[in-house]
Amino acid sequence: MHYETLKLEHIGDTSRITLDRPPVNAVTVQLLEDLLGALDALEARQETRCIVLTGAGTKAFCAGADLADTRGQAHGNNRFRSLGRSAVDRIETHPKPVIGALRGWCIGGGFALAMACDVRIASTTAKFRTGDAYLGVIPSWGMSLTRLVHYSGRNRSLDMLILGEDLSAEKAMDLGLVTRVVPEDLFDFEIEKVAARVAAGAPISFRAIKETVRAQYWSLPEAARELETRWAELNDASQDSQEGKAAFRERRTPHFKGI
């Protein structure tokens, strides 16, 4: 399938989505539609066990909305907002783990997409900003005003949103926004290593982890416990569960099938 604003590649059991709108991979209606389409395709692709989401080049993962997007202007803010929220939700609820490979600027909508990823690995070149207030904009993709406080707490979220300052990769890690920071010359190697590790994990376990962790802030704790029980019972009956235990006993690498 051809996408106008991104590249989709498959390397073994890892699939890579690269946002590709030089020079800073700014978000348009078309990019969001392409991203949603690619994520749908990867859910259906049985060979894909892990997804890497990144941006083309080294200048930016994604530097927010393209204010010159005439198609977006024609549809109005509501359409753009709806697609942005759908993209954030789709990454967060995707049944397969999504790794954010973050280089350069992560601003506005780019920040929202990056934070929705399950694991976020930043190059030392990465910079983050939630300075919407200084553009007279309300961040409305369901991240900065909703999820962020669950990720970083009230005080840190207010600091980021009200001060709107640039955050280095190291500062982002201190705030719990990224998983780890990697030197630029080792960045691609680290992404490949982490993706290979995640792709070897048990698909049912990952689905249970993602859905139940999300329920902690979208539902009551009781609902999360119910999900935890449901997934545990489903997993107990799975072939992967038996394979994991057998591999541990036999001191070998497990081979999970997602069944």
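Residues numbered from 1 in each chain as written. Predicted model: local features only at pLDDT ≥ 70, side-chain atom pairs only at ≥ 80, totals over all residues. Heavy atoms only, no water.

This next bit is on the nonpolar core. In terms of nonpolar packing, the biggest core is built from 46 residues, with Ile17, Leu53, Phe61, Phe128 and Leu177 touching the most fellow members. Considering every element that reaches this core, the biggest residue donor is helix H1 (residues 29-44), with eight residues. Apart from residues lying up to four places away in sequence, Phe128 is in contact with Leu102, Cys106, Phe111, Met115, Ala122, Glu165, Asp166, Leu167, Ser168, Ala169, Ala172 and Val178. Judged by nonpolar contacts, the second largest core, of twelve residues, contains Cys50, Ala101, Ile191 and Val198. (Core = buried A, V, L, I, M, F, W, Y, C linked by side-chain atoms within 4.5 Å. Buried < 20%, exposed > 50% of the residue type's maximum accessible area, 1.4 Å probe, protein only. Helix = DSSP H or I, 4+ residues; strand = E, 2+ residues; numbered from the N terminus. Contact = heavy atoms within 4.5 Å.)

Once that is clear, we can look at the layout of surface pockets. Here the second largest pocket is characterised by a volume of approximately 600 Å³. As for the second largest pocket, its lining consists of 26 residues, of which Cys117, Asp118, Val119, Arg120 and Val213 are closest to the centre. Those elements giving two or more residues to the lining of the second largest pocket turn out to be strand S5 (98-102), helix H4 (109-116), strand S7 (119-123), helix H5 (148-152), helix H8 (187-199) and helix H9 (203-218). (1 Å grid on protein atoms, 1.4 Å probe; cavity = no way out; pocket = protein on both sides within 12 Å on 5 of 7 lines; lining within 4 Å. Points joined across faces, edges and corners; volume = space filled by probe spheres on them.)

Bringing the pattern of salt bridges into the picture now. The final tally for this structure, using the stated rule, is 19 salt bridges. With its nearest N and O atoms 3.0 Å apart, the salt bridge here joins Glu92 to Arg147. Residue Glu92 is located in helix H3 (residues 77-93), and its partner Arg147 is located in the loop between strand S8 (127-129) and H5; the two are separated by 55 residues in the primary sequence. Accessibility expressed as a relative area gives 6% for Glu92, which makes it buried. Its salt-bridge partner being Asp188, residue Arg103 comes within 3.1 Å of it at the nearest N-O pair. Placement of the pair is Arg103 in the loop between S5 and strand S6 (105-107) and Asp188 in helix H8, with a sequence separation of 85 residues. By sharing partners, the salt bridges in this structure join Asp89, Glu92, Arg147 and Arg214 into a single network. (Salt bridge = Lys/Arg side-chain N within 4 Å of Asp/Glu carboxyl O.)

Let us look at the sheet that holds strand S10 (residues 180-182). Across the sheet, which stays open at both edges, the six strands sit in the order S1-S2-S3-S5-S7-S10 with mixed pairing between neighbours. If you trace the sheet from one side to the other, it starts and ends with strand S1 (6-11) and S10, each paired once. Across the sheet, the mean angle separating the axes of adjacent strands is 20° when strand polarity is ignored. In the packing of H1 onto the sheet, the strands contacted are S1, strand S2 (14-19) and strand S3 (50-55), and the crossing angle to S1 comes to about 20°. (Pairing = 2+ DSSP bridges. Axes fitted to C-alpha atoms, helices over the stretch in contact; angles between N-to-C directions.)

This paragraph deals with the packing of aromatic side chains. Considering all chains together, one arrives at two aromatic pairs under this definition. Seen in terms of ring centroids, Phe80 and Trp141 are 5.6 Å apart; in terms of plane orientation they differ by 65°. Their pairing is edge-to-face. Of this pair, Phe80 sits in helix H3 while Trp141 sits in the loop between S8 and H5, and the two are 61 residues apart along the sequence. An identical accessibility class is assigned to Phe80 and Trp141; each is buried. Residues Tyr151 and Tyr217 carry aromatic rings whose centres are separated by 6.2 Å and whose planes lie at 80° to one another, so their mutual orientation is edge-to-face. Residue Tyr151 is located in helix H5, and its partner Tyr217 is located in helix H9; the two are separated by 66 residues in the primary sequence. Residue classification places Tyr151 among the partly exposed residues on the basis of a relative accessible area of 27%. (Phe/Tyr/Trp six-rings, centres within 6.5 Å; stacked < 30°, edge-to-face > 60°.)

An α-helix turns once every 3.6 residues. As a result, residues three or four positions apart point the same way. A rise of 1.5 Å per residue sets the reference length of H8, with its 13 residues, at 18 Å; its end C-alpha atoms lie 18 Å apart and thus fit the reference within 8%. Within H8 the residues assigned to the buried category are Phe187, Glu190, Ile191, Val194, Ala195, Val198 and Ala199. In an axial view of H8, the angular spread of the buried residues amounts to 160°, which keeps them on one side of the axis. For H8, the exposed residues lying more than 90 degrees away from the buried face are Phe189, Glu192 and Arg197. (Expected span 1.5 Å × (residues − 1). Arc of directions from axis to C-beta.)

Okay, the sheet that holds S8 next. Overall, mixed pairing links the four strands, which are arranged S4-S6-S8-S9 in an open sheet. The open sheet is flanked by strand S4 (60-62) and strand S9 (167-168), the only strands paired with a single partner. The pairing of S4 with S6 spans two bridges and is parallel. Counterpart to Cys62 in the pairing with S6 is Cys106. Sheet strands touched by H4: S4, S6 and S8. Its angle to S6, the strand with the most contacts, is close to 100°.

Below, the discussion takes up the packing of H3 against H4. Running from N to C, H3 and H4 cross one another at 15°; their axes reach a closest spacing of 8 Å. Overall, the two elements H3 and H4 adopt an arrangement that is roughly parallel. Crossing geometry of H3 relative to H4 is assigned as right-handed. For the pair H3 and H4, the contacting residues are Ala87, Val88, Ile91 and Glu92 in the first and Ala112, Leu113 and Ala116 in the second. Tallied by class, residues from the contact of H3 with H4 come to six nonpolar, no polar and one charged. (Parallel < 35°, antiparallel > 145°, perpendicular 65-115°, else oblique. Left-handed = near helix turned anticlockwise from the far one by under 90°. Nonpolar A, V, L, I, M, F, W, Y, C, P; charged D, E, K, R; others polar.)

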